[in-house]
Every structure is written in structure tokens, then in C-alpha cells.
Amino acid sequence: GMQSHLQALLSLYKLFCPEQVTITLPGKMKTYFKNSEGPWKAAITAVRQRNQGTSPLSQAVFLGTSQPQSRKRKWNAQLVIPASSTNTNNLEEDREKNHVYLYSTNESFPVEQLRTFPQLLQNIHRLEFPSQMGSVLTNPLLLHYMNCVKEESIYLRLYYWMGQMLQEECPWCVVDNPCEEEFKSFLETIYKAECFLQEGFSACEEFLYKTLPLWDGSCCRSEVLRLVSWIPLSSSSDIKSYLYDPLAKLFFTSSIYFKCSVLESLKELLQNWLNCNVIQVDLEFSS
């Protein structure tokens, strides 16, 4: 029968190959497929604006999905550790109490009071992470905690936050975003956290796979290639289509410096894969 999702699929066929669909479809129906031309229109608009400098931008699109949010807020505000949500009202009271109270086992330990590694060791089972997960990236003690505990909820919160930030701020995907230097700083912060943890973030991997086909090879070049070196090992077909093919198109049309940069990044990627594989083999052998 004429189910709604089948009608949507037929309407998509009729849009591109009208001679293949002879039946009459309703004029109004629910949209099941996003406009596949969105990324190309955004890229063409960006190139036209860069070359001519006069044509107004008609839209700001990230992969054809959404409009960017207002940039009135301080861009890197979420990289500062805020007070824990449940402990905000008790901070002054806690500071007035003695050392023994802070290390008691009945209360959570607020991360804004975490200053030293011994504090982390004594309170590792009662830490409460801040509401803004981005602040974890700039705090070595909390990164230590992530490395030791491996709590799934922490990684999920960081995954959703980081994915949203990368989507909103990417200069070559959001057409009217001029803040390349701030985005460079953000990518550098992510890279340093990955080096500290000795593993890449899944949100960062998805961001690279989505945006490398739209990347011009010059915007945030060194930061992007550093992040490439931490992509986790996956199937050869995925690596070829999502990583090698987009880089190859830029490689063969770019300068010697860019070619050397790509080769250096891929060399570091291979080294990281080998190191991770050796660690895994050692763990399996010891167990």
C-alpha cells in the first residue's frame, strides 16, 4: 500500500528521475530525507564569497542541517570548570569546615576544590563531574580520572558536547564563521587531551570523517592533521573512503609542504595504531 515512508522514497526518485515514476503522489507529505545538495550549496557560496567579496551570503549551513547559534557568548566559556551543580550552595560552608570533613566518605567531592594528585587519589570514588564537560579537557587531574575509571557516562557526555561544539564552530562548514583562530585553539586543546589519554575521541573522529571532503587543506591545517593522527584503527574500507580518499584529492593538488605534512600525520597515525596494538597484545598475554 501507499505507506508514508514509501511515498517519501518515491517522491525522492521522482525528483531526480521523473520518467521512472509514473504514479501520482500527494503534494504534501512529511519530509523523510534532508536536502542532499546542502553541503555543496554551502561550499559553493563560501567559494563565491571568498573570490568576489560582494555577493551576500544567503545561508549558513553545516552539512545541510542547521543554522549556527548566536555567538554572543564567550566562545571558550565552557572550558572553565564551574561549580558542581549540587554543591554550589554549600561551597563557602565546605571551605570553613576542617580537612577531615572534606575527605569524609559520605559527601561528594566538588571538582572545583581539586588541586593536587593526592586529593584525586583520596577522593577518586566520590568525585562529581561539572555540568560543563568541556572543562575536563583542560584539567589534567580530571583526565587522569577519566583514564582510570573509564566510566561510560563521562565519555558519552563529552561525546555529545564535543560533537555539538565542533559542528557549530567549524569555519569551513558554517559559512559566516570568521573565528578561525578560536577554532584552532579549540582543536589544539582537543589534541592535547588526546595525547594525554593516548586515544582519540569518537566525536572528533566523526567530525573529521564528515568534514574532510569539504576541507580546503589550508584552514587550521596543522591542527586538523594532528587530529588525524589519533583516529582509531577501523576497517580498511572505512579508512580508505573516509580518510585516504579526501586527503588524496588535496595531496595531489597541493604544495610540497602540504604533502610532507600529510605524510608526517599518517606516520604518526601508524605509530599510534602500533602502540595501541602492542598494549592490547600485552594485556591479553598477561591475562
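Small disclaimer: the values here were computed from a predicted structure and weren't measured.

K.L.:
I keep staring at the overall build of the chain and nothing clicks. Help me out?
P.N.:
Scanning the chain for helices and strands turns up 12 helices and 2 strands. For the chain, the sequential pattern of α-helices and β-strands runs α-α-α-α-β-α-β-α-α-α-α-α-α-α. Taking all 287 residues of the chain together, the buried fraction comes to 37%. For the chain, restricting intrachain contacts to residue pairs at least 6 apart in sequence, the fraction spanning at least 24 positions comes to 60%. In the form shown here, the chain has an accessible surface area of approximately 17500 Å², with 56% of it arising from carbon and sulfur atoms.

K.L.:
Hey, could you run me through a nonpolar patch on the surface in this one?
P.N.:
A surface patch of nonpolar side chains, about 510 Å² in accessible area, is lined by Leu9, Leu12, Tyr13, Leu15 and Phe16. As for its position among the elements, leucine 15 is in helix α1 (residues 4-16).

K.L.:
How should the nonpolar core be read in this particular structure?
P.N.:
Judged by nonpolar contacts, the single largest core of 56 residues is most densely connected at Met162, Trp172 and Trp215. If you list the elements that add at least two residues to this core, you get α6 (140-149), α7 (152-169), α8 (180-197), α9 (202-211), α10 (221-228), α11 (236-251) and α12 (256-286). If we ignore the near neighbours within four places in the chain, the residues touching tryptophan 215 are Trp172, Cys220, Arg221, Val224, Leu225, Leu247, Leu250 and Phe258.

K.L.:
Quick question: what am I supposed to make of the packing of aromatic side chains here?
P.N.:
The relation between two aromatic rings is expressed through the spacing of the ring centres and the mutual angle of the planes. Taken as a whole, this structure holds 9 aromatic pairs when the rule is applied. A centroid spacing of 6.1 Å and a plane angle of 45 degrees characterise the contact between tryptophan 172 and phenylalanine 207, whose relative ring orientation is tilted. Pair noted here: tryptophan 172 is in the loop between α7 and α8 and phenylalanine 207 is in helix α9, with a separation of 35 residues, a long-range link. One exposure class covers both tryptophan 172 and phenylalanine 207, and it is buried. Taken together, a centroid distance of 6.1 Å and an interplanar angle of 65 degrees make the contact between phenylalanine 183 and phenylalanine 207 edge-to-face. With a gap of 24 residues between them, phenylalanine 183 in helix α8 and phenylalanine 207 in helix α9 connect regions that are remote in the sequence. There is no split in this pair, since phenylalanine 183 and phenylalanine 207 are both buried. Among the aromatic residues, those joined into a ring-pair cluster are Trp172, Phe183, Phe207, Trp215 and Phe258. One cation-aromatic arrangement involves lysine 259 over phenylalanine 251; the distance from NZ or CZ to the ring centre is 5.5 Å.

K.L.:
I tried to follow α9 on my own but got confused; where do I start?
P.N.:
The periodicity of an α-helix, 3.6 residues per turn, causes residues three or four positions apart to be oriented the same way. Of all 10 residues making up α9, 7 are buried, and the element is well covered by its neighbours. All buried positions along α9 are accounted for by Ala203, Cys204, Glu205, Phe207, Leu208, Tyr209 and Thr211. In the core, the buried residues of α9 are packed alongside α7, α8, α10 and α11.

K.L.:
Where do I start with the side chain of glutamine 119 in this structure?
P.N.:
Tracing the backbone through its elements, the reader meets glutamine 119 in helix α5 (residues 117-122). Accessibility expressed as a relative area gives 15% for glutamine 119, which makes it buried. Of note is the side chain of glutamine 119, whose polar atom sits 3.2 Å from the backbone nitrogen of threonine 116.

Quick notes on the rules
- Residues numbered from 1 in each chain as written.
- Predicted model: local features only at pLDDT ≥ 70, side-chain atom pairs only at ≥ 80, totals over all residues.
- Heavy atoms only, no water.
- Helix = DSSP H or I, 4+ residues; strand = E, 2+ residues; numbered from the N terminus.
- Buried < 20%, exposed > 50% of the residue type's maximum accessible area, 1.4 Å probe, protein only.
- Contact = heavy atoms within 4.5 Å.
- Areas by Shrake-Rupley, 256 points an atom, 1.4 Å probe, with all protein chains shown as cover.
- Patch = residues over 30% accessible without salt bridge, like charges linked within 9 Å, V, L, I, M, F, W, Y side chains within 5 Å.
- Salt bridge = Lys/Arg side-chain N within 4 Å of Asp/Glu carboxyl O.
- Core = buried A, V, L, I, M, F, W, Y, C linked by side-chain atoms within 4.5 Å.
- Phe/Tyr/Trp six-rings, centres within 6.5 Å; stacked < 30°, edge-to-face > 60°.
- Lys NZ or Arg CZ within 6 Å of the ring centre and 35° of its normal.
- Polar contact = N/O pair within 3.5 Å; in protein donor to acceptor, adjacent residues only side chain to side chain.

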